[in-house]
Amino acid sequence: MRLSELVQGLSAVVQEVEDLTEKDPISRRLRDFGFVSGEPVRLVGRGPIGADPLLVQVGYTRFALRRNEAARIIIGEPA
Amino acid sequence: MSEAALPMRLALVGSPNCGKTALFNQLTGGRQKVANYAGVTVERKEGRFSTPSGRNYLLLDLPGAYSLDAASPDEIITRKVCLGEFPGESVPDLIVCVADATNLRLHLRFVLEVRKLGRPMVLALNMSDAARRRGIRIDVDKLQARLGIPVVETVAVRHGGAAELTRCLEGDVRAVVVAEDSTDLHVQVRELIAEAVSMPRRTAEIDDAIDRIVLHPALGLVLLAAIMFLIFQAVFSWAEPLMEAIEIGIAHLGTWVGSALTSMPMLQSLVVDGIFAGIGSVLVFLPQILILFLFILALEESGYLPRAAFLLDRLMLGAGLTGRSFIPLLSSFACAIPGIMATRSIQDPRDRLTTILIAPLMTCSARLPVYALLIAAFIPQRTVAGVFNLQGVVLFSLYVAGIVSALAVAWVIKLLRKDKSEHALLMELPSYRVPHVRDIAIGLWERANIFLKRVGGIILSLTIILWFLSTFPAPPAGATEPAINYSFAGQLGHVLHLVFAPLGFNWQICIALVPGLAAREVAVSSLATVYALSGHEEGLQAIVASQWTLAMALSLLAWYVFAPMCLSTLATVRRETNSWRQVWIMAAYLFALAYVASLLTYQIARMVGS
């Protein structure tokens, strides 16, 4: 499943970040941020309009990701 | 020449929000120089300092970077300067890499990337006090041994918080030789953290608590609205009296200086109506710029600005913008100049340019005198729908017209743009921090400096040119009309009249538009001059009400919704985009919109019979 489908408040482990284009700069930046295989992530909150963007915790940091950005991140079953 | 005379060149690098700029301020104090890197609009900040033992250092604050191989213009500069590959920049003798001690999972990866450059470097673990308070324990010796570079702890916001760093700089720091290591940097970071860092909790409890309110779907928006309201109240209630004081003060000073020149009336006019009026029209922007930036800097430093962008991103995305565009656009309701200067916090260059291009469509406060004159003269004081004042409704719809056209223009820009690749939000929400007075003061000083040096010069010269146009040639002997009617500006106004006649503008309006280029509100006093009423603006309202038709007034109101003729804004765009092309694009599209809107308004109003 994808990070954009994660239920608010739940955590899961990143499996990989997909490239939508060749050398997708957004995917590259996501990996720089620490969205890499084996890293736990948690969906902390969602924006007030259309539940977008998503507030995601990875490592010690929180990031705001738009839905289509978060959809690049493949995660395991939520725990 | 002694060796101490040659300053050692240091480069400060680090990821955004690591407190790098605060450390830069702590080390250099006020001794900073702000410019741009050659050929780009990325800000270059350099400062000097010396250590107690008398050694001198030249410190370059490189743009914040999450990574050295990403494609953002900031990060390319950081990489090239570190390697000595940037034209015009010499290679730094030592790299000072800054990492937030509470955010090492993110920042250590960047540290490892910088280390791979193989340049002499020091790691500064910043905000070590905050880390200690949160119970984070970092084994500095182990980290130092594993990384093979000196590691020091710093507290950028505390006096003397960089002492450990300056002591380390005085020692001998050599280049690290990194053995070719193909292990993924993230894996290395995890190992380093497992060995040297113990962290009781991933985030600060206080951050979680604040975010529960600030990012709450309902409460968060209410809080945001309250903060915006407060800022607007402050800008209008604090800046207005200051602006008035500046205008009066400069005018008095001009008259006083001018009184010494009564024997030379032409020189006197140049000094009073050209130079001092020009200085006045530059300085009058300062209160709004400083007050707006006081709030913007405090919000940025505290960590709130990215939260506001989070809350509003979806809304702004609908118009092809980003949540980051909101604050600059809101500031533009006071004045487009600080609004355009505030677009620097927008990372995507496309989003930033769109925001700059539509900023002048937000109704700035300089348009209010024009609106006030025309509304008072033509719109009756009447209550509509039981509660609303008709004059208020008209004023409100003028604001709405500006916003709607801004959204439409943003949408068109999106359609026309060739680069259709996805725009990213990808934004870190940093820990909350109490803003530091010194950092805000230095930030304000920088903004004021940039405005006065880069924009002020252009505005001053244009004001003097406009003075020249409205003064020469002098009226012939026995002239009966006001002097401006005989000048170049007057002649220009008559020529413009040919262009603007379809909009219903009479030649008096056209003449007033010329000096109105300096600032929109000047058009009102120029109209008074043209009608030979200098200093009697109440009289102007009566003349306008009796001699103009409603269609003319509505047409001029429509013109001012777009009002392409603010040279100060165009000067700021030139400075912020480093391109005349964008200036021309902005002037041309605003002019076209204003012309079409006025034409339609006038012709329709006449057909309807007003």
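None of the values given here were measured: they were computed from a predicted structure.

Basis of the calculations
- Residues numbered from 1 in each chain as written.
- Chains lettered and ligands numbered in written order.
- Predicted model: local features only at pLDDT ≥ 70, side-chain atom pairs only at ≥ 80, totals over all residues.
- Helix = DSSP H or I, 4+ residues; strand = E, 2+ residues; numbered from the N terminus.
- Buried ≥ 20, exposed ≤ 12 C-beta atoms within 10 Å, placed from the backbone.
- Contact = placed C-beta atoms within 7 Å.
- Axes fitted to C-alpha atoms, helices over the stretch in contact; angles between N-to-C directions.
- Left-handed = near helix turned anticlockwise from the far one by under 90°.
- Nonpolar A, V, L, I, M, F, W, Y, C, P; charged D, E, K, R; others polar.
- Pairing = 2+ DSSP bridges.
- Expected span 1.5 Å × (residues − 1).

(A) Local environment of the overall build of chain B. Secondary structure assignment for chain B yields 25 helices and twelve strands. When the backbone C-alpha atoms are referred to their principal axes, chain B occupies close to 90 × 65 × 40 Å. In chain B, buried positions account for 43% of the 610 residues. For chain B, long-range pairs separated by at least 24 residues make up 71% of all intrachain contacts whose partners lie at least 6 apart in sequence.

(B) Representation of the packing of helix α24 (residues 567–577) of chain B against helix α25 (residues 580–608) of chain B in the model. Residue and element names in this part refer to chain B. In contact at an axis separation of 8 Å, α24 and α25 are set at 145 degrees when each is read in the N-to-C sense. Seen from above, α24 lies across α25 with right-handed handedness. Contacts from Leu570, Val573, Arg574 and Thr577 in α24 reach Trp580, Gln582, Val583, Met586 and Ala587 in α25. In the contact of α24 with α25, the residues fall into six nonpolar, two polar and one charged.

(C) Up close: the sheet that holds strand β12 (residues 427–429) of chain B. The sheet built from six strands is open, its strands ordered β5(A)-β1(A)-β2(A)-β3(A)-β4(A)-β12(B) with antiparallel pairing. Here the strands that pair on one side only, and so sit at the sheet edges, are β5 (73–75) of chain A together with β12 of chain B. Put simply, the sheet's adjacent strands are angled 45 degrees from each other on average, direction ignored. Across the face of the sheet, helix α1 (residues 25–33) of chain A comes into contact with β1 (11–17), β3 (52–58), β4 (61–65) and β5 of chain A while running at roughly 130 degrees to β1 of chain A.

(D) The arrangement of helix α23 (residues 550–562) of chain B in detail. Residue and element names in this part refer to chain B. Between its first and last C-alpha, α23 extends 19 Å over 13 residues, near the 18 Å set by a 1.5 Å rise per residue. Counting buried positions along α23 gives twelve out of 13 residues, so the element sits mostly inside the fold. Here α23 has its buried residues at Ala551, Met552, Ala553, Leu554, Ser555, Leu556, Leu557, Ala558, Trp559, Tyr560, Val561 and Phe562. Next to the buried residues of α23 lie α16 (368–378), α17 (390–416), α20 (507–513) and α25. Phi for alanine 563, located one or two positions after α23, is positive at around 30 degrees.

(E) Representation of the environment of glycine 490 of chain B in the model. Residues and elements named next belong to chain B. Here glycine 490 shows up in helix α19 (residues 488–500). Spatially, the C-alpha atoms of glycine 490 and proline 473 are 9.9 Å apart, while their sequence positions differ by 17 residues. Apart from the residues within four sequence positions on either side, glycine 490 is in contact with Ile484, Asn485 and Ile511.

(F) Quick peek at the pairing of strand β1 (residues 8–14) of chain B. Residues and elements named next belong to chain B. For β1, the buried fraction is high: five of the seven residues fall into the buried class. Two elements, β1 and strand β4 (residues 56–61), share five bridges in a ladder whose sense is parallel. Residue pairing across strands places leucine 12 opposite aspartate 61, the latter belonging to β4. In terms of strand pairing, β1 meets strand β5 (residues 94–100) through five bridges, oriented parallel. Bridge assignment links leucine 10 to a residue of β5, and that residue is leucine 94.

(G) Spatial organisation of the pairing of strand β2 (residues 40–49) of chain A. Residues and elements named next belong to chain A. Bridge count for β1 against β2 is three bridges, and the pairing is antiparallel. Note that in β2 the partner of valine 13 across the bridge is proline 40. Sheet topology note: the β2/β3 ladder contains six bridges and is antiparallel. Across the sheet, the residue bridging to leucine 43 is valine 56, located in β3. Linkage of β2 to β3, two consecutive antiparallel strands, is achieved through a turn of two residues, within which glycine 50 is found at a positive phi near 65 degrees.

(H) Region of the structure containing the sheet that holds β1 of chain B. All names here are of chain B. Taken together, the seven strands give an open sheet; going across it, the order is β2-β3-β4-β1-β5-β6-β8, and neighbouring strands pair in mixed fashion. Among the strands making up the open sheet, the edge pair consists of β2 (32–36) and β8 (151–153). On average, each strand axis in the sheet is tilted by 25 degrees relative to the strand beside it, whichever way the strands run. Relative to β8, strand β6 (residues 121–126) runs parallel, the two sharing three bridges. By the bridge assignment, leucine 125 is partnered in β8 with glutamate 153. Where helix α3 (residues 104–115) meets the sheet, its contacts fall on β1, β5 and β6, and the angle it forms with β5 comes to roughly 165 degrees.

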